[in-house]
Structure formats: structure tokens, C-alpha cells
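Residue-level structural notes
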Amino acid sequence: MPADPTPHGATASGAGTSGESGYHPERAGGWTSGDAPQRLAQVALRDLPWEVGVAKPDPAVVVDGVTRTFGGLTAVSVDHLEVQRGGITGLIGPNGAGKTTLFNLLTGFDQPDTGTWSFNGQSLGKMSPHQVARLGVVRTFQLTKALSRLTVLQNMLLGAQDQRGESFFRALVPGTWCAQEKANTEKAMDLLRRFKLDAKKDDFAGTLSGGQRKLLEMARALMSDPQVVMLDEPMAGVNPALTQSLLGHVKDLREQGMTVIFVEHDMDVVRDISDWVVVMAAGRIIAEGPPESISQNQAVVDAYLGAHHDAPLTVEEEDQVLAEAERTIAREQGSDGDVLGSERGPERTDR
Amino acid sequence: MTHAVHRAGRHGRRPGQPWPLQRPPGRGRPPGGHRVVVRLLLVLAFGLGLAAFSPGVAHAETAGEQLSGTVQTSRSGPIEDVQIEVAAADGTEIESVETDEDGRWTVELPGPGEYTVTLDEGDLPDGVELSNTNTRTVTVDEGRRQAVIIGLEDGSRGAGGGGVRAVQLLVDGIRFGLLIAMAAVGLSLIFGTTGLTNFAHGELVTIGAVAAWYINVSGGVNLIVATVLAMVVGAAVGALNELALWRPLRRRGTGLIAALVVSIGLSLLLRYLIQVVYGGRSSPYQGFQGGRAVDYGIFTMTNADLVSVIISVVVLVLVALMLQRTKIGKAMRAVSDNRDLAASSGIDVNRVILVVWMMGGALAALGGVLLGLSDQVQWDMGFRLLLLMFAGVTLGGLGTAYGALVGSLIVGVFVQMSTLVIPNDVKYVGGLLLLIVILVIRPQGILGSRARIG
Amino acid sequence: MADLLNALAVAGKSALGFQAIFFALLAIGINVQFGYAGLLNFGQIAFAMLGGFGIAISVSKWGIPFWAGVLVGLAAAVVLALLLGLPTLRLRADYLAIATIATAEGLRLLFRSVSATPVTNGTRGLSGFNGDFIALAPWNTSQRYSILGTSWSGGELWVAAIGWLLVILGSLLVFLLMRSPWGRVLKSIREDEDAVRSLGKNVYVYKMQALVLGGVFGALGGMVYAVGTGSAVPDQYQNANTFLAYAALILGGAARVLGPVIGAMILLFILQFADTGLRLLISNGVIPEDLLSSTDVAQIRFILVGVGLMLLLIFRPQGIFGDRREVMLDAR
């Protein structure tokens, strides 16, 4: 059992619902197989029409009529969305489009006003985050949540599911959990080696660089043998050298048969790895289709691609938000401008 | 209006002289001026571990510590045969006595220290109730004879049946709520602008009240002037807080939890420093202790209380206007709303926070004086108010200035009105219970909003 | 010189006496809650009060055996932890802080109130409930014993012996728990709750378990204190004691098994030494009585603790033995 580091090995737990799909990885060796990618999902999705809410041949996640409002602002309003099993689905859109909120809703971190959504046919509504995670849907966060004062290895071990030693009373009897802990440690070390973090296993996670934290967070998520991995901006703040490595890991997840949903702003990355792209703007899904379809989609171009193409959108968006806030404050201040930063004023007209 | 009567000193009562000025002969002038400063410095020096041992032989012995008091109300007159028990700080009983025909009692003490005086409520005649708790903890200095006051009410306030009593309590509650609001606005704004849950905010209230007491009673200055000066002191203490402690800590990147514990340390330090300097007694301001209640038909109110309400309303309206209209007020709200955005918009965040601290300090000081007017000045009055301030601020939504106002009013009214159904001495418990209920139902407060994750 | 030695001996005794045990147990509980799980329980003294009064009321008022009283006290602490945790553990950390400090103050006011007098004896409190326990001592409790220049009564020794046994057992329990996967989850919650949730752990249950466990330690501390003093008076359970326990914990080092124990001993030693020393200086006339009277000395300990807490958190948040590197990783 310890020899099998794959997420769908014999140790996989809570995975009983997955057996039927057929998008499983070959076997344990599949971890390093990069040269013969199985793009089954891409094949399956090839002939679908490029329209919002289109039904997928084998959906893992289905979202229906989910809305979430903050005060008067509608953050998310999704009529219908299906996510193909075993594929990489990219979720893009300008900041404030509701991507992270949708992630939060799907993983139980936030409760919607209306709507239902399910995983493998099982409704996830009203479930708390840990219940969703136990079903095999794990997520990472936009701002990495490495557990700073735990070592890298402890971070990894936390990801393992169904640990006997995590129950209060059994924790007091090491005999009940030692063997399992040993197996988990081996599994964690395999993953760490794969993510090139094994040399850092005894370092505090807080001492890692931003990119290494992203890697650690992803590796930690994999410890739980997930079926769906949701990555919130996995490349943000990662230096270019690590980006390629991270991309490789994401692709590998697909080879492992996992369903990947990720939020990303870099269109090159999205084009490179996605099988399917979903575009959100102002809380709604405005387009979906294969990556190559997106740049041709008029709604997307109108929404935001037209003006800025490949530019990193975050900066622009922040500038816009700032400029908007400045205008608001300026209105309140009347003509008085000395409280305001003046250097940003001209910039917004330039663009 | 009724209030407890007390007696002190070895020479009997000297009518006309306010009692806080009475000190046993030979004790010199009241603690003020240099002596206070020197005591403060000494305590600090010791606290910092600078004191050194040096041998010596002399051993001064002064005997005759004593506690005394009088149990009476204006309607009932002196009350006889009320059992008074005096116990040491560790709980051991010193002596139990009964009041004589003049309502007086005296207990000789074994030595200086902290003592708890307990009045047996069962011995009180019908119609006379405790206005607060039936105990008082006092610190007796060596050779001191100290007076003890235990507040009594003879029902002249609450007379007239349930409905009228409810109106009376409502009015009291509004007065109390306004007072909490004034102290809590600063607490809420500090939380909003810096994220700090300031557990030392209660001490700003106490400092204000005690500063006004020293200026008013020891310095013989008119209370209105003393209040203004106390507000200046409060603002200065607030500024000192920010400049000497919190700003450097923010610069060091101290975490919010660590900062919270630091504020608790500061609270302990200040609170007990005040007790060393000011003492364990409770004393009123000069010239306002005997305010008579004026009948307004369905409720009565002393002039002092009426002034307190008017001042609170005026000040709170001014604060609201300032937040709404002035440049600095808008900047405060902007920093409260989104500190980074405000900073990147060119607002000098540190300056805004400094002003918030000064304003918070001044308002807390004013609140302290008003609280001292109604409940007398005590070393831990601010800490007791702090919990109600937290209740108000949480109820309104942490970090929002108007929320603090609304929440505090509700807490004040609730605490007073709750005495309709629960005994007077556990009314604060009701307020604290309300706090917990709020946390269950609406943790973000009335005016707050839920935060986003991730 | 003799005075100095005497002061040291008195301080040493208090570092080993039941008060040190009281603070050690309180701090062990806070260590589980704050040190490992990141929960801000500022009302630990309320758990101690329930422990102490659990025994006192059971024995003095209900006339049930001492050991049943111990169970009553523990049960009360568990119930209080559940009641407090239920509404607040889903919320931000400072809400628990506010709720616990309010509860501690509220419970004390309630216990000393006139309405509670039939049960708690109000401000006078209860006494005479520890006879059964003292009678179990294997030595003569009425005799005095001299150990290293300090004098102990047999009863004091017996309470201290059982108290330290409790401290050792408690530390062992914490040690076992914190090296287990359970402890790992707890420490992770301290670092980032949401990350732990996203990995399939029911954070709420872990926090509740930590709150209850810490509360039980608090109750045990309160029992040692009540049995040690032989009385249970509401005003003994001032909330400043909670912060003394925090000071002990941070002094010894949070999130270390022996941190709270060593911290409590050092704290009591310093406080007692300061107390004795200051009184000595005053009675010797080194400090003029006009400046600082011996009654003020009792307040000095809280001032010391306040200053100490601030200085520690600002300059040595890791405690006097801790590793600064680890603490500086704290991003919050």
C-alpha cells in the first residue's frame, strides 16, 4: 500500500463514487508520464457547441441557478454550468467577476442565496467545507495558506484523510495510528520529491518562497486523494522558472484522472493547459468553449478581452478600482485634492 | 433621590465639608502634585526591576486602622441593627458588627490592607434596597480610618407601579446608553482604523474620571473646567498610546493577536497603577453629590443626570457631524473602510489614526467624568464599563462608528430595563448575556456586513 | 543578607505551593486553547471558579462526597465550555475573547450577588469542604514540616503533592496529544482555519474539544486553589488571574508542553520575591512610607504582570526559552 502514491490507489478513501467513469490513470507509474498525455476530456469536448450552459458528456460538477449577493451587489448568478470529468477547466474573467465567490460557494466556504450544485450527482448544498473536501473536492486559495509554523512534512500529513490519530481519544494511544502515520509519511515524501520539496521537509512552511508555497499547497491538496481539484490562481506571484513546473503538475493531475478547475489571469497559461474555458463577468457566465474559441467570442471581447488582450488584468483592474474610489472620495471632498494621490489621475485617461 | 451615607475619620462628621477632603491629620496633603508623580515613578521603577535591596533595621509601627460608616437613607433615616461584616482580602472574617441607633458602625482592623465590607441585606427594613451590590472592597492605608459607603435606595425613585418604573428605567437606560456610546465610539473607531481590539480602552475612561477628580477635588477647580482639562488629559493619553506604543508596534509588524494581549497588559498596568495612586475608594466630585431629583411627571432625574444626557447628545451629534462633514471625519471613515485603499489614495493613515486615538481618549475621558457623576469615581470603573462597551460595539458591528452608538444605546437601555425582572446587582450579567445572544444571532452586528473568504 | 535569604526562601516556597499549581493548571489549559489552537479564552478564571465552587457547593450545601463534587465541578466546566463555544467558535477569534471575558465577569457577579447567596453564600463564600481530602494525607496534616528553610503544614504539603501530580499528568496528556495527528490538526487551526477546512477537517469540533479540554484544566486549577485555601469566595476569582496565567504561559513559552508549568513557577517566584522584598524595603524605611505604603504592594504584582506581558510580547514573544525564529513566522 505505501508503494502506491497515486491518489486513486488502494488507500483512496471517500472515493467510492468514482469507479464508473473510466478516466482513471494508468497506474502508479503515471506520476511521471508526461510524454503521452491522455487528453480524453479534450476529445470528448471537441464536438460540443460553444454555448453557455452546454451539457457535457460526463459532468463531474453540475451547477444550477446559483446566485449570491453581497448587499445590493450580485457577486454570482450562474444559471447552469457543467464541468467535464477528467478535464482541465479554466475559469477566467475580470477581477470582481465572481470567480473566487463561485469557488467559495462550490466548496462550502460561502452559502448562496439560491441554487443547487452537485458533485457526482450528490448535492453539495448546505454542506460545510470539510464535508465537501471529504467527498473528494479540494481547493487551494488565491492567497496561499501554508501553515507557517508547521514543517513542510507536517503540512503534507495534514492533507491525508481518515486519519485514526485525529480522533481525540485514539490520539492518546499511539499504537492505533502509528502504522497509518508511517504510510502517510511515505506517501507525503513521494509527493514532496515529485514537487521537489523533499529537501525542505523539516523546514517551517513559513520560510518557503511564494512559489514553493503554491507547490506545497497543491501537493498538500493531493494528499487527500481528491477527485476534483480547484485551484484559485495557482500561478499568481510565482516566478517564471517555477511556472513551467507548476503547469506540468497541473497537467499531471489530469493524467491522474482528476478533474481540475482553475482560475487564472494569464491567457497564455489558460490556452496552454485548458480543455475547456468558462468566462465570467459581473457574476454571470458569458461564454464557454475550448480555449481557441474564446478569443473569437464577441461577448468575451466586449466584456474585457478587446481592450487589453494578454496584459495581466489584475493591475489594470486594480487601477480602475482605485481610480473609481478616488473619484468617489474626490466628490466627497469637493474640490479639495490634497488628500488624494495626484499621480494616478492622468494614468486612467491614458488607457 | 437617595444615596448612601457614610462617615469617616476619627473626629466625627464635620458638616459642610465634603468628605473626600477629610484626611486623618498627619497624613499631609492629599495625593496630588509631586507626591503622585513620585509614587508613580517609584512604582514604575520597581515594575521595571530597578529597585535594589539595601539592608536596614528600622521598623515603623502605627496602629489603629479602622473602617466605619453609616447606614441610612433620606427617607428612612438611620437604620439600626444592620449586620456589617468585614473580611480580609483572602476571605477570612475580621469582625461582624451591627449598626447602632444612629446607623453607625465601626470595625477595628488588624492592619492595613484590602478589606471587603458586606452588608446583610436581610436586615434592611422594607422599602430600602441596595442600589448596587451589598459589598465594597476598600484598601486601608497604614494608620488610616476609612469610611465605607454602601449605596442604598429607599424606593422614592421607583415608586408608582410597574409602568412608571419602566419609564424611569428607560430614561436611566438612555442616559447610561449614551454614556457607553460616548466611550465606545473611540473603541470602535480604533478597531476600524487599526484592527486593534483595545482592552485598555476602559482605562482611558478611568483616567479621565480620576484626572477630573484630582483637578476638581484636590485642585478645587470647577467641575466643568476640570472636565475640559480631563478631556485634554484623555486626548493626550490617547496620543501617547498611539505614538509611544501602537505606532511602533505596527511598524514592527506585531500581529493583531499579540497586540491584543499587549493591550491587556497595558490595561492591567494602568488599572492597578491607578489603584495605587488613587486608592481603592470611591468618591464623588465636589459640588454634585447631593443633587436632588427633579420630578418630570412620569420620571425623575437629577440635574446632574439631565446635564449628562444633554452633554452626551450634543457631543455625539458633533461626532456624527464631524464624521459626516469634515475632511478628517471622512478620512477616518475611509481608513476604517479600507485602509490600504485609503493609504493609496494619499490619505495620511497614521495621522488619521492619531486623531482617532486623541478623539477616542477625549470622549472616553468625558464618558468617565459623566460616569463618575452618577456612580462616583472608582479605580476600576472603566474596566467594568469596558465589557458593556464591547457589548455595544459588537451589537452595532465592530468597527462602525454609528453601530457603536446604536448598539451602546440598546445595551444601556437593556441593562437598566432588565432590573424589572432581575435583581439590581446582577443587571450587568443581563447585559453580558445579551452580548452572547447577539453573537449567536447576528455576529456581524446590526450595521456590520459579512466578510468574504479567500 | 538574612533578609534576602529569607525573601528567596519565601519566594521559592510560593513557586512550589498550591498557587503556583493553580496558575500552572490554568496556563496548561490556556496553552491548549491559545498556544496550540489559537483560541482566545480570556475567561479561564470562570472555569476555575466553577471547579472550586463545584466542590464547595456539592460538599457544603448539598452534602455529597468530595469526589462527587470534583465530578460536578468538571461537568460544570464542560458545560460552560460547550455553551461558550457553541455560538462563538464559528466566528472570528476576538468574538470568543469578548464573550469569555464577559462571561467570567458576569459569572463572578452572579455568584457574589444576593440572589445567589442561598447557593454560594454570596460575597462571604463557602468553606469547610476540604476535610475529606485533607484526611487522605498519608502524614500528619496538623504538624508543620520544614523543607529547605521554609515551613509547610502537612495539609499544604498534601495539596501541593496531589497538585503537582495533576500538573505532571496534565503535561503528559498534552504531550501525548500534541505529538499525535490530533495535535497537528489543532496547530494547523491556529495557523489557518480555512486551509484546514479545505482539507476535510471539521475545525469546529476540534476547536470545541480544545476549549473543553482547556476548560477542564482550568476547573482542576480552581479545585486545587479552593482546596488549598480551604474556601471558595467569588472575589478570589478576579479575572486579572486569567491574565496572570497568560503571563505565566507566555513567560514559559506558548505551544511548549512545559512552558506553562515553568512559567507559572517563575512568575510566582518573581511576584512573591517582589512582594516580600518591597514590604521589607518599606518596613526598613528604604522606601518612605509616604511614597508607597505596604497596602499598595498587593497591587504591584498586577502592575508587574502588566508590564511583563507587554514587554514579553513586544520583545520576546517566544517566551524566555523559546526560539524567536518560529514566532516570527506568525503572519497574523
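All of these numbers come straight from a predicted model, not from anything done at the bench. (Residues numbered from 1 in each chain as written. Chains lettered and ligands numbered in written order. Predicted model: local features only at pLDDT ≥ 70, side-chain atom pairs only at ≥ 80, totals over all residues. Heavy atoms only, no water.)

1. Quick look at the environment of Val185(C)
Examined against the element boundaries, Val185(C) turns out to sit in helix α9 (residues 181-191). Judged by relative accessible area, which is 0%, Val185(C) ranks as buried. Along the backbone, Val185(C) and Val203(C) are 18 residues apart, and their C-alpha atoms lie at a distance of 8.4 Å. Setting aside chain neighbours within four positions, we find Val185(C) in contact with Leu158(A), Glu166(A), Val196(C), Lys201(C) and Tyr206(C). (Helix = DSSP H or I, 4+ residues; strand = E, 2+ residues; numbered from the N terminus. Buried < 20%, exposed > 50% of the residue type's maximum accessible area, 1.4 Å probe, protein only. Contact = heavy atoms within 4.5 Å.)

2. Describing helix α10 (residues 381-396) of chain B
Structurally, the α-helix is built with 3.6 residues per turn, so residues lying three or four positions apart point the same way. Residues and elements named next belong to chain B. Over its 16 residues, α10 runs 23 Å from end to end, which matches the ideal 22 Å to within 8%, given 1.5 Å per residue. Of all 16 residues in α10, 15 are buried, a share of seventy percent or more. At the C-terminal side of α10, Gly-397 shows a positive phi close to 110 degrees. (Expected span 1.5 Å × (residues − 1).)

3. Focus: the sheet that holds strand β7 (residues 228-232) of chain A
Residues and elements named next belong to chain A. One open sheet holds the 6 strands; their spatial order is β6-β7-β8-β3-β9-β10, and the pairing between them is mixed. With one partner strand each, in any of the chains shown, β6 (137-139) and β10 (284-289) form the two edges of the open sheet. The average undirected angle you get between the axes of adjacent strands in this sheet is 20 degrees. Where β6 and β7 come together, 3 bridges link them in parallel fashion. Paired with Arg-139 across the bridge in β7 is Met-230. Packed on one face of the sheet, helix α8 (residues 240-255) meets β3 (88-92), β7 and β8 (259-263) and runs near 130 degrees to β3. (Pairing = 2+ DSSP bridges. Axes fitted to C-alpha atoms, helices over the stretch in contact; angles between N-to-C directions.)

4. A word on the interface of chain C and chain B
Contacts between the two partners involve 69 residues from chain C, matched on the other side by 74 residues from chain B. Carbon and sulfur atoms supply 72% of the area buried between chain C and chain B, which totals about 6,200 Å² over both sides. Taken together, the links from chain C to chain B amount to 1 salt bridge. Between Glu85(B) and Arg124(C) there is a salt bridge; the shortest N-O distance is 3.2 Å. At the boundary of chain C with chain B, the tally comes to 3 residue pairs in polar contact (both at pLDDT 80 or more). Put simply, the parts of the chain that give the side of chain C that touches chain B at least two residues each are α4 (66-88), α5 (93-111), α12 (240-252), α13 (259-283) and α14 (297-315) of chain C. A total of 14 residues in the side of chain C that touches chain B trace back to one element, the largest contributor, which is α14(C). (Buried area = accessible area lost by both parts, 1.4 Å probe. Salt bridge = Lys/Arg side-chain N within 4 Å of Asp/Glu carboxyl O. Polar contact = N/O pair within 3.5 Å; in protein donor to acceptor, adjacent residues only side chain to side chain.)

5. Focus on the pattern of salt bridges
For the coordinates displayed, the defined rule picks out 32 salt bridges over all chains. The partner of Arg271(B) in a salt bridge is Glu203(B), with the nearest N and O atoms 3.2 Å apart. Of the two residues, Arg271(B) sits in helix α5 (residues 256-278) while Glu203(B) sits in helix α3 (residues 201-218), which places them 68 residues apart along the sequence. Neither residue differs from the other here; Arg271(B) and Glu203(B) are each classed as buried. Of the charged contacts, one joins Lys13(C) and Glu156(C) as a salt bridge, the two residues approaching to 3.5 Å between their closest N and O atoms.

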